[in-house]
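# Topology and contacts: notes
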Amino acid sequence: MKILIIYAPFCAPTMMPYSLASMKHFVETHSDASVTCLDLNAYFHTLQFPEFYKRLKKEDYASVLEDFDKTSRAVYAENNKKIVHGEEAAFVPELMERILQEKADLVAFSFVYNSQCFYGHVLVDALLKRGIPCVLGGPAVTDKLHALAPVFSEKGLLDYLVTKGVVLKEIKNYVAVPDFSPFPKENYLSKERIISLKSSSTCFYKQCTFCTHFARVPYAEYSLEHIREALVKNKAKYVYFIDDMISKNRLLEIGKLMEEFSVQWWCQLRPTEDLLDCLELLSQQGLRSVCWGVESGNQRILDLMKKGTSVEGAKKVLAESKRVGIINMLYMLFAFPTETKEEFLASIDFLEKNKKNIDLVSTSVFGLQRGAKVYDDPQAYGILAVSERERTLLPGVISYTVEKGLDNEEARILLKNHVKQIKRLEKLPHVFNYFKEQTLLWKSS
Ligand code: SF4
């Protein structure tokens, strides 16, 4: 059986999709099925935005990415709108033709971002109408997509394939090694090839009350052998770890391996003080850039978020990280339920006071999402009424009222009033907040 795995538009076309690379390896290792991958997101971008690929070779890449970001957002919005209104979106015939060329028996779609559901919907629908079976997977499969085709996890997909005549292989110690070979480097809007890797099954902490990122599976660390094999197989020079978080012991093990292969790497961490004594070593081992989950500059809010960090600890970690040459990117989350204006401003004050140790700030305003601890127990966080507005293809938007503190709208206005101030303290071009992996290639002049 020939299986084609697809990554639909739209998301940033700067890195090869990990989900496809790992699924290809998983299915081919466990069965006699053959697997081809098509990153239609990157393909779409080569068709729609060829000028940016040319410019990237000659011009300053931060300004190319800035222009690309502005231009592409408008194109995404226009095409998504067309799909919602039943009109034909750009390059759908070309994408379909590319799929049909593969003559696959089964087409599997991987949905990582909600923004992929528009084109995903159109493509799945068109394939089913042609009698080509489709299956779906990934964290961003919406109910509306699910209504079109069955949804499977990795293991579930194998069980399904057996019912279609695929023969499984007996594998004792599976080592997950993503295979990025199917993806042409020239389809990616990046000066260098950056590969994404995963070193564990989920976040080991899983406590943050706003969080919906981590997978609800037991925490398991993938063997170092898998990372080693992935580095060798993919000739990696730059690695973006997509783990939600990595523990200290694990960081130290990974650091040794990265040093052995002279790899520069990126990861996201909580700013906990236990890291203070190892950041220098990790920097020497190629840790180039970290996205720190700082979230707030107010201790009551951090405690309510169950972040397990302190304002003072975060300060020290950022200072040490900067001292040893790591690029510090910060996640800041405003308007956590009950946050007052003063507490909001404490976060702004934190950024100001620590600006010499901050390179980039990625801001967001709290939104209530299914799966978060706050959603499960809204009263405990002063949330009064929860309602949901349906959308055509995207999941519904949840809104709520609060007993005290800033509401969402007030927080958005406050944040808007401070955007310039926050941007002024950034040392790297602001656009890197949307292409975080590109900080790996940043060289200050
Ligand atoms: S925010 Fe990060 S550290 Fe906290 S639970 Fe989520 S993934 Fe884990």
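Computed from a prediction, not measured in an experiment: that's the story for all the values here.

Here the focus is the nonpolar core. Membership of the largest hydrophobic core comes to 96 residues, with the highest contact counts inside it found for Phe241 and Trp265. In terms of residues, this core owes the most to one element, helix α1 (residues 18-30), which gives 6 residues. The residue makeup of this core includes at least three contributed by each of domain 1 (2-163) and domain 2 (192-437). Those residues in contact with Phe241 that sit more than four places away from it in its chain are Leu197, Ser199, Ile227, Ile246, Ile254, Met258, Trp265, Trp266 and Cys267. Of all hydrophobic cores here, the second largest spans 58 residues; its members include Met15, Leu56, Val64 and Tyr240.

With that settled, consider the sheet that holds strand β9 (residues 327-334). Taken together, 6 strands build an open sheet; the order of strands is β5-β6-β7-β8-β9-β10 and the sheet is parallel. Each having just a single partner strand, β5 (194-197) and β10 (360-365) make up the two edges of the open sheet. For this sheet, the mean inter-axis angle between neighbouring strands, taken without regard to orientation, is 20 degrees. Where strand β7 (residues 264-269) lies against strand β8 (residues 287-295), 5 bridges are found, and the strand directions are parallel. Residue pairing in the sheet places Gln268 in a bridge with Cys291 of β8. In the packing of helix α14 (residues 341-353) onto the sheet, the strands contacted are β8, β9 and β10, and the crossing angle to β9 comes to about 170 degrees.

This paragraph deals with the domain arrangement of the chain. If you check the domain split of the chain, you get domain 1 (2-163) and domain 2 (192-437). Between the C-alpha centres of domain 1 and domain 2 there is a distance of 26 Å. Taken residue by residue, the interface counts 21 residues in domain 1 and 21 residues in domain 2. Of the roughly 1900 Å² buried between domain 1 and domain 2, counting both surfaces, carbon and sulfur atoms make up 71%.

On to the sheet that holds strand β1 (residues 2-7), then. An order of β2-β1-β3-β4 is seen for the 4 strands of this open sheet, with the pairing classed as parallel. The two strands at the open ends of the sheet, each matched to only one other strand, are β2 (34-39) and β4 (134-137). Recorded for the sheet is a direction-independent mean angle of 25 degrees between the axes of neighbouring strands. Pairing of β1 with strand β3 (residues 106-110), which is carried by 4 bridges, proceeds in the parallel orientation. Across the sheet, the residue bridging to Ile6 is Phe109, located in β3.

Another point: the pattern of salt bridges. Under the definition given, this model contains 24 salt bridges. The closest approach of N and O atoms between Lys155 and Asp159, which form a salt bridge, is 3.0 Å. On the criterion of helical spacing, the pair formed by Lys155 and Asp159 is a turn pair, its members being 4 residues apart in helix α8 (residues 154-163). Classification of Asp159 by relative accessible area gives partly exposed; the value is 40%. Among the ionic pairs, Lys316 bridges to Glu273, the shortest N-O distance being 3.2 Å. Of this pair, Lys316 sits in helix α13 (residues 311-323) while Glu273 is found in the loop between β7 and α11 (279-284), placing the two residues 43 residues apart along the sequence. What makes Lys316 partly exposed here is its relative accessible area of 42%. When salt bridges with common partners are traced through the structure, they connect Lys2, Arg98 and Glu102 into a single cluster.

It is worth spelling out helix α16 (residues 408-425) at this point. If you check α16, its first and last C-alpha atoms are 25 Å apart, about what 18 residues at 1.5 Å a residue would give, namely 26 Å. At His418, α16 shows its largest kink, close to 45 degrees. All of the buried residues in α16 are Ala411, Leu414, Leu415, His418, Ile422 and Leu425. Contacts made by the buried residues of α16 are with β9, α14 and β10.

Moving on, we get to the layout of surface pockets. Its boundaries defined by the atoms lining it, the second largest pocket holds a volume of some 240 Å³. In this structure, the second largest pocket is lined by 14 residues; those nearest its centre are Thr363, Leu415, Val419, His430 and Tyr434. Those elements that provide at least two residues to the lining of the second largest pocket are β10 and α16. Element by element, the count of residues in the lining of the second largest pocket is highest for α16, at 6 residues. Class assignment for the residues of the lining of the second largest pocket results in 6 nonpolar, 5 polar and 3 charged.

In this section: the site of the ligand. Looking at the ligand, the residues that line it are Cys203, Lys206, Gln207, Cys208, Phe210, Cys211, Phe214, Asp244, Met245, Arg270 and Lys307. Classifying every residue of the shell around the ligand by side-chain character gives 6 nonpolar, 1 polar and 4 charged.

Reading the values: the criteria
Residues numbered from 1 in each chain as written. Predicted model: local features only at pLDDT ≥ 70, side-chain atom pairs only at ≥ 80, totals over all residues. Heavy atoms only, no water. Core = buried A, V, L, I, M, F, W, Y, C linked by side-chain atoms within 4.5 Å. Buried < 20%, exposed > 50% of the residue type's maximum accessible area, 1.4 Å probe, protein only. Helix = DSSP H or I, 4+ residues; strand = E, 2+ residues; numbered from the N terminus. Domains from an automatic or database assignment. Contact = heavy atoms within 4.5 Å. Pairing = 2+ DSSP bridges. Axes fitted to C-alpha atoms, helices over the stretch in contact; angles between N-to-C directions. Buried area = accessible area lost by both parts, 1.4 Å probe. Salt bridge = Lys/Arg side-chain N within 4 Å of Asp/Glu carboxyl O. Expected span 1.5 Å × (residues − 1). Bend = angle between axes of the 7 residues up to and from the residue. 1 Å grid on protein atoms, 1.4 Å probe; cavity = no way out; pocket = protein on both sides within 12 Å on 5 of 7 lines; lining within 4 Å. Points joined across faces, edges and corners; volume = space filled by probe spheres on them. Nonpolar A, V, L, I, M, F, W, Y, C, P; charged D, E, K, R; others polar. Near = heavy atom within 4 Å.

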